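The residues making up each chain are set out below.
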Amino acid sequence: MSQVGIRSQGVYIPMLRLALGAISGGRKASGGSGERSVAYFDEDAVTMAVAAGTNCLEGIERSTVDGLLFASTSYPYREKQGASLIAKALDLRRDVFTADFCDTTRAGTIALRAALDAVRAGSLQQVLVIASDARPAPPRSPLERNFGDAAVAFLIAREEVAADFAIHVCLADEIRDIWRTEHDRFVRSWEERFVVEHGYGDNLRDAISRCLQRSGLQTSELDKVAVYSPDARSHLGVLRRFGFESNRIQDPLFGRVGNCGAALAPLLLAAALEEARPGQRILWANYGDGADAFLVQTQEPVTGLVRRRGVAWHLARRKEFSDYDRFLAFRDLYPSDADRRGGQGVSATVHFRDRNEDISFHGQRCRRCGTEQFPFQRVCFQCFARDDFEEVRLSDRQGKVMSFTFDYFAGSPDPPLIVTTIEAQGGARVYLQMTDASPNEVKLDLPVEFTFRKIHEYGGTPNYFWKCTPVRNPL
């Protein structure tokens, strides 16, 4: 029987890093021990998932993906499937199988197990699993210091497998340690010692012990151990009991990224696989209302994973962000004159009609003369042929700045609003906002790529479209 495992992976960590000293010290504070990743004001679990999925599918024909499983504890909607929205943004097939996994930090590993089972059973051939979180925490709380924002994607398949899963241990536990109800704006936590000892510690130790017992391996025979943790201290406390050597423990990324919820355990595995060689064994474990533990074995194709934009690439692509007041504004926690929650939002009819343009970011190519244009229109502006177009995907192309302007009166949480005209590869010109950029780096012919972001939020409903961002190569 052929192996089933990870064929490809993709990572997305927002560029902004908030100094932990700013959280405790208030506005423009500095110092403190480390930093955490911060989603920009136009990012959330959906936009980060699209970015990670795009990275994962680079060089892979998207029509071959027939399943998408989305895991998150911070998806903006309470009743609307996130996986279908992400599949549309990634321009996957109409008949792709989609499902959401939520309500626990273990959602990412649960979704991955479901994908493995589906591919092994033959009901699906290639499944994209994406875990993404930007968890809300009370301002200036210990949770806010520990949290971070990120997304990770794995493509599960039978071919070109870089890592397979030899053993899986799953434990369920009922404990009220970390939770958020329908009416809670922020994640809530019980007393820290109780959470760590009776929730995290007991479950992780049990899952790891069972996994080692089933594998027949000693800790010294493992090349790496990558384990979820609510904080750095708890992480070391659990692993030391097993005698793991420090050089075999995957960096939990506290003080650099933070606890990114359902995406943390997948992020640590992705980081371990970036550095792995063929034939290695990785113990991978996750926690949340129980625990999961996997024995992961790397294969020859694992060497190809490092060529993608991985954890190391994103850690190097960072921008210091120490203004805590602006961070609160990004999270809609800071009072302002403009209430972005008001209004009726975009018409559902308009959204339905324009979803290929707005969500999948399709342009059109004239079948007569080959001219590409955006948005859709009935007459080609080059040869004047009428209603003779084919749709083309623009989202995975690059482009260059043809014109730009700075708008200081648009009510952006991070002024000025940068508005551009971009010429995409192929010739289509698109009017877009620019994000993750400062005015002093914007210039004509600046190379850009496209990123899926929030445009605004009215009536409590997020509305998404594509923006451009400068092409960066930090490594």
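The structure this text deals with has already been given above.
Right, let's walk through the structure included here.

Parameters at a glance
Residues numbered from 1 in each chain as written. Predicted model: local features only at pLDDT ≥ 70, side-chain atom pairs only at ≥ 80, totals over all residues. Heavy atoms only, no water. Helix = DSSP H or I, 4+ residues; strand = E, 2+ residues; numbered from the N terminus. Rg over C-alpha atoms; globule rule 2.2 N^0.38 Å. Buried < 20%, exposed > 50% of the residue type's maximum accessible area, 1.4 Å probe, protein only. Contact = heavy atoms within 4.5 Å. Salt bridge = Lys/Arg side-chain N within 4 Å of Asp/Glu carboxyl O. Core = buried A, V, L, I, M, F, W, Y, C linked by side-chain atoms within 4.5 Å. Pairing = 2+ DSSP bridges. Axes fitted to C-alpha atoms, helices over the stretch in contact; angles between N-to-C directions. 1 Å grid on protein atoms, 1.4 Å probe; cavity = no way out; pocket = protein on both sides within 12 Å on 5 of 7 lines; lining within 4 Å. Points joined across faces, edges and corners; volume = space filled by probe spheres on them. Phe/Tyr/Trp six-rings, centres within 6.5 Å; stacked < 30°, edge-to-face > 60°. Lys NZ or Arg CZ within 6 Å of the ring centre and 35° of its normal. Disulfide = S-S within 2.5 Å. Parallel < 35°, antiparallel > 145°, perpendicular 65-115°, else oblique. Left-handed = near helix turned anticlockwise from the far one by under 90°.

### A look at the overall build of the protein chain
- What the protein chain contains, in helices and strands, is twelve helices and 22 strands.
- The globule rule puts the C-alpha radius of gyration for 475 residues at 23 Å, and the 22 Å found for the protein chain is close to it.
- Taking the principal axes of the C-alpha coordinates as reference, the protein chain spans close to 70 × 55 × 40 Å.
- Taken over 475 residues, the protein chain has a buried fraction of 55%.
- For the protein chain, the proportion of contacts with a sequence separation of at least 24, taken over those separated by at least 6, is 71%.

### Structural notes on the pattern of salt bridges
- Scanning the entire structure with this criterion turns up 33 salt bridges.
- The partner of R120 in a salt bridge is D117, and the shortest N-O contact between them spans 4.0 Å. Residue R120 and its partner D117 are located together in helix α4 (residues 107–121), separated by three residues, close to a single helical turn.
- With a closest N to O distance of 2.8 Å, E372 and R365 form a salt bridge.

### What about the nonpolar core?
- Membership of the largest hydrophobic core comes to 76 residues, with the highest contact counts inside it found for I156 and L267.
- Of the residues forming this core, the biggest block, nine residues, is contributed by helix α8 (residues 264–275).
- For I156, the residues in contact, after removing those within four places along its chain, are V4, G5, I6, L112, A115, L116, V119, Q125, Q126, V127 and V129.
- Membership of the second largest hydrophobic core comes to 51 residues, among which are A45, V65, A83 and L394.

### A short note on the sheet that holds strand β12 (residues 281–287)
- Pairing is mixed in the open sheet, where nine strands are placed in the order β5-β4-β6-β7-β1-β8-β13-β12-β11. The open sheet has two edge strands with one neighbour each: β5 (97–101) and β11 (224–227). Sheet twist, expressed as the average angle between the axes of neighbouring strands with direction ignored, equals 20°.
- Pairing geometry for strand β1 (residues 5–12) and strand β8 (residues 163–172), over two bridges, is antiparallel. Across the sheet, the residue bridging to G5 is D164, located in β8.
- The strands that helix α2 (residues 45–56) touches are β1, β4 (67–71), β6 (127–133) and β7 (150–157); relative to β1, the one it contacts most, it runs at about 130°.
- The strands touched by α4 are β1, β4, β5, β6, β7, β8, β12 and β13 (290–298); relative to β6, the strand with the most contacts, the crossing angle is about 175°.

### Some details on empty space enclosed by the protein
- In this structure the tally under the stated criterion is one cavity of 30 Å³ or more.
- The volume enclosed by the largest cavity comes to roughly 50 Å³.
- What lines the largest cavity is simply G108, L112, V129, I130, A131, V152, F154, P266 and W284.
- Sort the elements by how many residues they give to the lining of the largest cavity and β6 lands first, with three residues.

### A word on the packing of aromatic side chains
- This model, assessed by the stated rule, comprises 21 aromatic pairs.
- Taking 5.3 Å as the distance between ring centres and 15° as the angle between the ring planes, the aromatic pair formed by F321 and F330 counts as stacked. For the pair F321 and F330, one class covers both residues: buried.
- Seen from their ring centres, F361 and F450 are 5.2 Å apart, and the 80° between their planes marks the pair as edge-to-face. On the criterion of sequence distance, the pair formed by F361 in the loop between α12 (355–358) and β15 (362–366) and F450 in strand β21 (residues 447–458) is long-range, its members being 89 residues apart.
- Residue class for F450 comes out buried when judged on its relative accessible area of 8%.
- Taken together through their ring pairs, the aromatic side chains of F361, F374, F450, F452, Y464, F465 and W466 make up a single cluster.
- Here R176 stacks its cationic end above the ring of W179, 6.0 Å away from the centre of that ring.

### Considerations on the sheet that holds strand β2 (residues 16–19)
- Ordered in space as β3-β2-β14, the three strands form an open sheet in which the pairing is mixed. Unpaired on one side and paired on the other, β3 (35–38) and β14 (319–321) mark the two borders of the sheet. Ignoring strand direction, the axes of neighbouring strands in this sheet form an average angle of 40°.
- Two strands pair when backbone bridges link them, and β2 and β14 are joined in this way by three bridges, in the parallel orientation. Within β14, the position partnered with L18 by the bridge is F321.

### A few points about the state of the cysteines
- Summed over all chains, the structure comprises zero disulfides.
- For C56, which is in no disulfide, the shortest distance to another cysteine sulfur is to C260 and amounts to 16 Å.

### As for unusual backbone geometry
- Across the junction of F374 and P375, the peptide omega takes the value 0°, indicating a cis bond.
- Note on placement: P375 falls in the loop between β16 (372–373) and β17 (389–393).
- In this structure, the amide linkage connecting P415 to the following residue, P416, adopts the cis form with an omega of 0°.
- Mapped onto the secondary structure, P416 falls in the loop between β18 (398–407) and β19 (417–424).
- One non-glycine residue, L253, lies in positive phi territory at about 70°.
- Following the sequence through the fold, L253 ends up in the loop between α7 (232–240) and α8.

### Thoughts on the side chain of D91
- Within the element layout of this structure, D91 appears in the loop between α3 (82–89) and β5.
- Those residues in contact with D91 that sit more than four places away from it in its chain are R62, S360, H362 and R393.

### Observations regarding the packing of helix α6 (residues 192–215) against α7
- Packing of α6 against α7 brings their axes to within 10 Å, and their N-to-C directions diverge by 40°. Between α6 and α7, the crossing angle belongs to the class labelled oblique. In this structure, α6 meets α7 at a crossing whose hand is right-handed. The residues of α7 that touch α6, namely those facing E192, V196, Y200, G201, L204, R205 and I208, are R233, S234, H235, V238 and L239.

None of the figures reported here should be taken as evidence of function without further support.
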